[in-house]
Amino acid sequence: MKNSSFQEDPVPRILEDFQQYLTFQDMAPSTIQSYLFAAEQFLGLYHVLSHDNLMLYKCYLMEHYKPQTVNLRIRAMNCLMESLHLSQGRMPMVRVQQKSFLENVISQADYEYLKNCFIKNGNHLYYFAIRLMATTGMRISELLSLQVEDVKRGYMDIYSKDNKIRRIYIPKLVRQDCLLWLKHIDRVWGDVFLNRYGNRITQAGVRGQLKKYSVRYGLDPAVVYPHSFRHLFARNFIEKCGDIAMLSDILGHESIETTRIYLHRSSTEQKALVNQIVDW
């Protein structure tokens, strides 16, 4: 491929067209935001879309960010190239080394303690937020899009951009308790998780509040974050069921290899076990 400029439109026009393309592709708002950030970052650094500049950007990303972030930005730039019908300029992803352990996952005991703290203090909003994530494996974005109708039905369908459907089941006991709470607060339709102003709470808001509550209740803030409860669900599921293929489907992983990490012990458990058994 030649090193000549791919696109000579000014930066604002490129970003505007890219946003329209992403919206037309029915991508999630959070994905659109992150893709636009990557495009704006690239154009701010190099100004012109060319093969050499793309390679320079990849090197820049690898020097400054973790592999997962690098690959997110690469996916964004590849999507930008697609939108400009320049797919021959696609960048390959960087290889992410799979860890043989989990880090910063809340323990079952701390999860139960946190639930009890929320109930004791009448904080049913966050009680059901962590309980739903820990008993369904849903992501924070999925939790915040949960509708009252989904709870009544007992499941939530997630539609991917390639028209695949992933069904998240709400366990019977959780569903019953949640419906009682929704009835008590007179919530009969629409979003389940609203703030005091009647607006859907944000992902950043949930993360911030969980960190605040972890400090208040004497828990390690490093393990109290939304995805930690998804990890807890996965670990409990694999211990009680052992069907890794089913777990992969429930979690919505593209590859079962991603799910295999739940077959490993956490780093904390590995350390405790080594300290227990090594006496030579």
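Residues numbered from 1 in each chain as written. Predicted model: local features only at pLDDT ≥ 70, side-chain atom pairs only at ≥ 80, totals over all residues. Heavy atoms only, no water.

A. Expanded view of the overall build of the chain. Secondary structure assignment for the chain yields 14 helices and 2 strands. Counting only residues that meet the buried cut, the chain has 40% of its 280 residues in that class. The contacts of the chain with a sequence gap of at least 6 include a subset with a gap of at least 24, amounting to 60%. By element, 52% of the accessible surface of the chain is carried by carbon and sulfur atoms, the whole surface being about 16,500 Å². (Helix = DSSP H or I, 4+ residues; strand = E, 2+ residues; numbered from the N terminus. Buried < 20%, exposed > 50% of the residue type's maximum accessible area, 1.4 Å probe, protein only. Contact = heavy atoms within 4.5 Å. Areas by Shrake-Rupley, 256 points an atom, 1.4 Å probe, with all protein chains shown as cover.)

B. How the structure looks around the packing of aromatic side chains. Overall, the coordinates contain 15 aromatic pairs when judged by the stated rule. Ring plane angle 45° and centroid distance 5.4 Å describe the contact between F42 and Y46, whose orientation is recorded as tilted. Taken as a pair, F42 and Y46 lie in helix α2 (residues 29–46) at a separation of 4 residues, close to a single helical turn. When the ring of Y60 is compared with that of Y65, the centres are 6.5 Å apart and the planes differ by 70°; the resulting orientation is edge-to-face. Judged by relative accessible area, Y60 falls into the partly exposed class, the value being 22%. (Phe/Tyr/Trp six-rings, centres within 6.5 Å; stacked < 30°, edge-to-face > 60°.)

C. Representation of the pattern of salt bridges. Taken as a whole and judged by the stated rule, the model has 9 salt bridges. Note that E142 is salt-bridged to R139, the shortest N-O span being 3.0 Å. Owing to a relative accessible area of 27%, R139 belongs among the partly exposed residues under this scheme. A salt bridge links R200 to D191; its shortest N-O distance comes to 2.9 Å. We classify D191 as buried; its relative accessible area is 17%. (Salt bridge = Lys/Arg side-chain N within 4 Å of Asp/Glu carboxyl O.)

D. Main features of the nonpolar core. Among the nonpolar cores identified, the biggest contains 39 residues, and F118, L143, F193 and F229 are the most heavily contacted of them. The leading source of residues in this core is helix α6 (residues 124–136), at 8 residues. The next biggest cluster of nonpolar side chains, apart from the first, holds 27 residues, and it includes L36, M81, M91 and V94. (Core = buried A, V, L, I, M, F, W, Y, C linked by side-chain atoms within 4.5 Å.)

E. How the structure looks around the packing of helix α1 (residues 11–24) against helix α4 (residues 67–83). Two elements in contact, α1 and α4, have axes separated by 10 Å at closest approach and are oriented at 95°. The angle between the axes of α1 and α4 places the two elements in the roughly perpendicular class. Each of I14, F18, Y21 and L22 in α1 lies in contact with α4, whose residues at this interface are A76, C79, L80, E82 and S83. (Axes fitted to C-alpha atoms, helices over the stretch in contact; angles between N-to-C directions. Parallel < 35°, antiparallel > 145°, perpendicular 65-115°, else oblique.)

F. Examining the side chain of S248 more closely. Note on placement: S248 falls in helix α12 (residues 244–251). Overall, the relative accessible area of 5% leaves S248 in the buried class. When residues no more than four places from it in sequence are discounted, the contact partners of S248 are H253, S255, I256 and T259.

G. Expanded view of the pairing of strand β2 (residues 165–169). Burial of β2 is one-sided: the residues R166 and I168 facing one way are buried, the residues I165, R167 and Y169 facing the other way are not. Sheet topology places strand β1 (residues 155–159) next to β2; 5 bridges connect them, and they run antiparallel. Each residue of the ladder has a partner; that of I158, found in β2, is R166. (Pairing = 2+ DSSP bridges.)

H. Main features of the side chain of R166. The topology assignment puts R166 in strand β2. Exposure remark for R166: the relative accessible area of 11% places this residue in the buried category. At 2.7 Å, the side chain of R166 forms a polar contact with the backbone oxygen of I250. Setting aside anything within four residues of it in sequence, one finds R166 in contact with G137, M138, R139, E142, M156, D157, I158, R230, D249, I250, L251 and G252. (Polar contact = N/O pair within 3.5 Å; in protein donor to acceptor, adjacent residues only side chain to side chain.)

I. Representation of the environment of T202 in the model. Mapped onto the elements of the fold, T202 is located in the loop between α9 (172–184) and α10 (203–216). Expressed as a C-alpha distance, the spacing of T202 and S141, which sit 61 residues apart in the sequence, is 8.7 Å. For T202, the side chain forms a polar contact with the main-chain nitrogen of G205, separated by 2.9 Å.

J. Highlighting helix α5 (residues 108–120). In a regular helix each residue adds 1.5 Å, so 13 residues correspond to 18 Å; α5 covers 18 Å between its end C-alpha atoms and thus fits that length. Inspection of α5 places Y111, L114, K115, C117 and F118 among the buried residues, and these make up the whole buried set. Mapping the buried residues of α5 onto a view down its axis gives an arc of 160°, with all of them on the same face. In α5, the exposed positions angled more than 90 degrees off the buried face are occupied by A109, N116 and K120. (Expected span 1.5 Å × (residues − 1). Arc of directions from axis to C-beta.)

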